Amino acid sequence: RNNNQDSTNNNINNNIEIGDVGYEFQKQFDAGWYTGKVTQIIPVGNEKDRRCVYNDGDIEDLSLEELHRLAKLDPNNNVTKPKISIKLKVKQTTAQDNKDGA
């Protein structure tokens, strides 16, 4: 596999739902993270009906459930990982506070 960590996940801009044709995702293999893309939905008679092609040319059939699980693990997916912002209030101490034991 040729690892391509510079790939970005463009699903946010395209409004493509998880599992739809064109949906891009990241999956971790032994050599690192790879970008995959759903290229076709195939009626195979089992749950692995999403044909996915990776950036190195490998092909894998995944289920919709697997794609949802991968979406949660995707390091580039901002949709499923809300960003949390915490503001801390810092008390300014003065020389007098330090002298008084504050």
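Going by the structure above, here's the rest.
Anyway, here's the lowdown on the structure attached to this text.

Calculation criteria
- Residues numbered from 1 in each chain as written.
- Predicted model: local features only at pLDDT ≥ 70, side-chain atom pairs only at ≥ 80, totals over all residues.
- Heavy atoms only, no water.
- Helix = DSSP H or I, 4+ residues; strand = E, 2+ residues; numbered from the N terminus.
- Buried < 20%, exposed > 50% of the residue type's maximum accessible area, 1.4 Å probe, protein only.
- Polar contact = N/O pair within 3.5 Å; in protein donor to acceptor, adjacent residues only side chain to side chain.
- Arc of directions from axis to C-beta.
- Pairing = 2+ DSSP bridges.
- Axes fitted to C-alpha atoms, helices over the stretch in contact; angles between N-to-C directions.
- Salt bridge = Lys/Arg side-chain N within 4 Å of Asp/Glu carboxyl O.

Our next topic: the side chain of Thr35. The residue Thr35 is located in strand β2 (residues 32-41) in this model. The class of Thr35 is buried, set by a relative accessible area of 9%. For Thr35, the side chain forms a polar contact with the side chain of Gln26, separated by 2.7 Å.

A few words now on helix α2 (residues 64-73). Taken residue by residue, α2 has Glu66, Leu67, Leu70 and Ala71 as its buried positions. The buried residues of α2 occupy one face: seen down the axis, they fall within an arc of 145°. The exposed residues of α2 that point more than 90 degrees off its buried face are Glu65 and Lys72.

Now for the sheet that holds strand β1 (residues 24-29). Spatial ordering of the open sheet is given by β1-β2-β3-β4, a layout of 4 strands whose pairing is antiparallel. The open sheet has two free edges, formed respectively by β1 and β4 (59-62), since each of these has just one partner strand. With strand direction ignored, the average angle separating the axes of adjacent strands in the sheet is 40°. With 5 bridges joining them, β2 and strand β3 (residues 50-54) adopt antiparallel strand pairing. In the strand pairing of β3, Ile41 is matched with Arg50.

What follows is about the pattern of salt bridges. Counted according to the given criterion, the structure contains 5 salt bridges. Across the pair Lys48 and Glu66 runs a salt bridge, and its minimum N-O distance is 3.1 Å. In this pair, Lys48 is assigned in the loop between β2 and β3 and Glu66 in helix α2, connecting sequence segments 18 residues apart. A salt bridge links Asp61 to Arg51; the shortest N-O distance between them is 2.4 Å. Placement of Asp61 in strand β4 and of Arg51 in strand β3 is noted, with a sequence separation of 10 residues between them. Using a relative accessible area of 24% as the deciding quantity, one classes Asp61 as partly exposed.

Without other data, these values stay purely geometric and don't point to any function.
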